[in-house]
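So the chains spell out like this:
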Amino acid sequence: MIPLSWYLIFAAALFCIGLFGVLARKNAVAILMGVELMLNAVNINLVAFWRYLYAPDLAGLTFVAIVLVAAAAETAVGLALIISVYRRRSTVVVDDLSLMKG
Amino acid sequence: MTLSQVFFLAVAAITLFAAVMVVSTRRIMHAALWLVLSLFGVAVLFALLQSGFFAVVQVVVYIGAIAILIIFAVMLTRQVMLDVGPQLNRGWWIPAVLVAGLYAALVGVLSTWSQFQAQAGPLAPEANDLSRFGQALVDLNAYVIPFEIASVLLLGALIGSIFVASERKG
């Protein structure tokens, strides 16, 4: 059988890869993809904890459902912002979006 | 090494490779397609955790909706990023060192936890009873408040994204 540690190590790796994408990519859409990877890592952790430690209790599954809803809302609003910014500034490179820099 | 362990390692390796390609590939459209593969690997892991419902939800919501939305956004914004030149910031090695340190710290902290090597017991038959899950979501003594807040959040995101992305004069 698979121990819980395998899932946790896998989710930590996925989270770190996503965080690297958020911090290092230039394209705003690619940054959103990194956020998706991080949210997926969190969901893997939540389902693994539910399965291994709290199985019949429903709190873990509800938490996963709420994270999914938050991820969908975040992606929709984020992509709308990117498209709006692209219309006004003709760029999606986050380094060029320095209008509010002091 | 049992069959399920081999299967887990294969799926995890494919998912992590796809995730690395998402953050490192030069073409943004290829990154979106690698993201689909990575999300599908996560769905397989959900199925391996005996949560079939969330495996299906992962495919429907993430691959069917979010990944397609991302591909739309890539196609709507791609003239400027002609996939030439570096796609990473100049100082990209700083976050690389940072996340390597974070990963080591996470695994180090987790390995001191007493339940780290916990094995899965047999799953109770009512654990995957979807009608029980659905009733808990609308039960006043359970999760009706988070459920309603989530639906209001979705409605707000829907209206907000239409408002932000719609074309206005002036």
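This text gives an overview of the structure that appears in the document. (Residues numbered from 1 in each chain as written. Chains lettered and ligands numbered in written order. Predicted model: local features only at pLDDT ≥ 70, side-chain atom pairs only at ≥ 80, totals over all residues.)

### A few points about the overall build of chain B
Then, in step 1: Looking only at helices and strands, one finds 6 helices and 0 strands in chain B.
Then, in step 2: Tracing chain B from N to C terminus, the helices and strands come up as α-α-α-α-α-α.
Then, in step 3: Relative to a compact globule of 170 residues, whose C-alpha radius of gyration would be 15 Å, chain B shows 21 Å and is clearly more extended.
Then, in step 4: Seen through its principal axes, chain B has C-alpha atoms that stretch 55 × 45 × 30 Å.
Then, in step 5: The buried share of chain B, taken over its 170 residues, is 24%.
Then, in step 6: For chain B, the proportion of contacts with a sequence separation of at least 24, taken over those separated by at least 6, is 48%. (Helix = DSSP H or I, 4+ residues; strand = E, 2+ residues; numbered from the N terminus. Rg over C-alpha atoms; globule rule 2.2 N^0.38 Å. Buried ≥ 20, exposed ≤ 12 C-beta atoms within 10 Å, placed from the backbone. Contact = placed C-beta atoms within 7 Å.)

### Structural notes on the packing of helix α1 (residues 4–24) of chain A against helix α4 (residues 93–111) of chain B
Then, in step 1: Where α1 of chain A contacts α4 of chain B, the axes come no closer than 9 Å and their chain directions differ by 160°. Overall, the two elements α1 of chain A and α4 of chain B adopt an arrangement that is roughly antiparallel. The element α1 of chain A and its partner α4 of chain B pack so that their crossing is right-handed. From α1 of chain A, L8, I9, A12, A13, C16, L19, F20, L23 and A24 of chain A reach across to α4 of chain B, where they touch P95, A96, V99, L102, Y103, L106, V107 and L110 of chain B. (Axes fitted to C-alpha atoms, helices over the stretch in contact; angles between N-to-C directions. Parallel < 35°, antiparallel > 145°, perpendicular 65-115°, else oblique. Left-handed = near helix turned anticlockwise from the far one by under 90°.)

### Some points on the environment of V57 of chain B
Residue and element names in this part refer to chain B.
Then, in step 1: Here V57 shows up in helix α3 (residues 52–76).
Then, in step 2: Of the residues examined, V57 has 18 C-beta atoms within 10 Å and is grouped as partly exposed.
Then, in step 3: C-alpha of V57 to C-alpha of A142: the two residues are 85 residues apart in sequence and 22 Å apart in space.

### As for helix α6 (residues 144–165) of chain B
Then, in step 1: Between its first and last C-alpha atoms α6 of chain B spans 31 Å; for 22 residues at 1.5 Å apiece the expected length is 32 Å, and the two agree.
Then, in step 2: Contacts made by the buried residues of α6 of chain B are with α3 (59–89) of chain A. (Expected span 1.5 Å × (residues − 1).)

### What about helix α1 (residues 3–24) of chain B?
Then, in step 1: Compared with an ideal rise of 1.5 Å per residue, which puts 22 residues at 32 Å, α1 of chain B spans 32 Å between its outermost C-alpha atoms and is within 8% of the ideal.
Then, in step 2: Where α1 of chain B is concerned, the buried positions are A12, T15, A18, A19, V22 and V23 of chain B. Buried residues of α1 of chain B, viewed axially, fall in a sector of 135°; they line one side. Away from its buried face by more than 90 degrees, α1 of chain B exposes L3, V6, A10 and A13 of chain B.
Then, in step 3: Among the structural elements, α1 and α2 (28–53) of chain A together with α2 (28–48) of chain B are those in contact with the buried residues of α1 of chain B. (Arc of directions from axis to C-beta.)

### Looking at the nonpolar core
Then, in step 1: V29 and M33 of chain A together with I70 of chain B are the most contacted members of the largest nonpolar core, which has 70 residues in total.
Then, in step 2: For this core, the secondary structure elements donating two or more residues are α1, α2 and α3 of chain A together with α1, α2 and α3 of chain B.
Then, in step 3: With residues up to four places along the chain from it excluded, the contact list for V29 of chain A reads I82 and V92 of chain A together with I28, I70, A73, V74 and T77 of chain B. (Core = buried A, V, L, I, M, F, W, Y, C linked by C-beta atoms within 7 Å.)

### What about the interface of chain B and chain A?
Then, in step 1: Contacts between the two partners involve 70 residues from chain B, matched on the other side by 63 residues from chain A.
Then, in step 2: Classifying every residue of the side of chain B that touches chain A by side-chain character gives 55 nonpolar, 14 polar and 1 charged. (Nonpolar A, V, L, I, M, F, W, Y, C, P; charged D, E, K, R; others polar.)

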